Amino acid sequence: MKIRLAISDEKYEEVKSYFQTKGIDIDDEAEFILTEKEKYAGHISARKNDTGDKAFIATDEVLYIESYGHQLEIVTSEELFISKDPLYQLEKILDPKLFTRISKSVIISKRKVKEIRPSLSMKFVLVMADNRKLEVTRNYYSSFKKAFNI
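Conventions used here
- Residues numbered from 1 in each chain as written.
- Predicted model: local features only at pLDDT ≥ 70, side-chain atom pairs only at ≥ 80, totals over all residues.
- Heavy atoms only, no water.
- Helix = DSSP H or I, 4+ residues; strand = E, 2+ residues; numbered from the N terminus.
- Buried < 20%, exposed > 50% of the residue type's maximum accessible area, 1.4 Å probe, protein only.
- Contact = heavy atoms within 4.5 Å.
- Pairing = 2+ DSSP bridges.
- Axes fitted to C-alpha atoms, helices over the stretch in contact; angles between N-to-C directions.
- Salt bridge = Lys/Arg side-chain N within 4 Å of Asp/Glu carboxyl O.
- Phe/Tyr/Trp six-rings, centres within 6.5 Å; stacked < 30°, edge-to-face > 60°.

S.K.: Would you mind going over the environment of Glu 61 with me for this structure?
M.R.: One can find Glu 61 in the loop between strand S5 (54–58) and strand S6 (62–68). For Glu 61, a relative accessible area of 45% gives the class partly exposed. Sequence separation between Glu 61 and Ile 24 is 37 residues; the distance between their C-alpha atoms is 30 Å. Ignoring anything within four residues of it in the chain, the contact list for Glu 61 reads Val 75, Thr 76 and Ser 77.

S.K.: Sorry if this is basic, but what is going on with the sheet that holds strand S7 (residues 71–76) here?
M.R.: In sheet architecture, strand pairing relies on hydrogen bonds along the backbone and comes in two forms, parallel and antiparallel. Across the sheet, seven strands lie side by side as S5-S4-S8-S7-S6-S10-S9; this open sheet has antiparallel pairing. In this open sheet, the two edge strands, each paired with only one partner strand, are S5 and strand S9 (99–103). Put simply, the sheet's adjacent strands are angled 35° from each other on average, direction ignored. In this sheet, strand S8 (residues 80–83) lies alongside strand S4 (residues 43–48) in antiparallel orientation, the contact comprising two bridges. Among the inter-strand pairings, Lys 48 is bridged to a residue of S8, identified as Phe 81.

S.K.: Please explain the pattern of salt bridges as it appears in this structure.
M.R.: When charged atoms on two side chains of opposite charge get close, those side chains can pair. Going through the model one piece at a time under the given rule, you end up with six salt bridges. Arg 117 is the partner of Glu 115 in a salt bridge, and the nearest nitrogen-oxygen pair spans 2.8 Å. Exposure remark for Glu 115: the relative accessible area of 34% places this residue in the partly exposed category. The class for Arg 117 is partly exposed, based on a relative accessible area of 31%. What you see here is one network of salt bridges that share partners, running through Lys 2, Asp 27 and Lys 54.

S.K.: Just to check I follow, could you spell out the packing of aromatic side chains for this structure?
M.R.: Where two aromatic rings form a pair, the distance of their centres and the angle of their planes describe that pair. Tallied over the entire structure, the rule returns five aromatic pairs. Relative to Phe 144, the ring of Phe 124 lies with its centre 5.3 Å away and its plane at 45°, an arrangement referred to as tilted. You can see Phe 124 sitting in strand S12 (residues 123–128) and its partner Phe 144 sitting in helix H3 (residues 141–147), a full 20 residues away along the chain. Taken as a pair, Phe 124 and Phe 144 share a single burial class, namely buried.

Written out as structure tokens, the structure is:
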């Protein structure tokens, strides 16, 4: 059996060692995910876009995560990473104090928003730390305002 761990950095090595002694493989592409109750992941496992190598991305490095069909792009200021996890799964393991969803296909890091610009028809345009512009859609307008206390 193979499982993927989506737990805090403090417990990761201890839990990994425990499962390995029980004959359970830890694999970042496993179908089953073990999460820590009321804890949020300190990293996300994905693959580097250019080489395909496995990588662990610290959540504080993530600018935003965007879904394209069955693939996610995890964008940091340095690199682009690819994951096949569904967006809703990542949303569950990310701290809602630090991340919020702005559309059906995008989750942003609240700390990486450089500017919030009001737009027409109950929308916002966000300027991220890398100067990319992302749009908060009408369906997420109210939850975005609440997340940023606007």
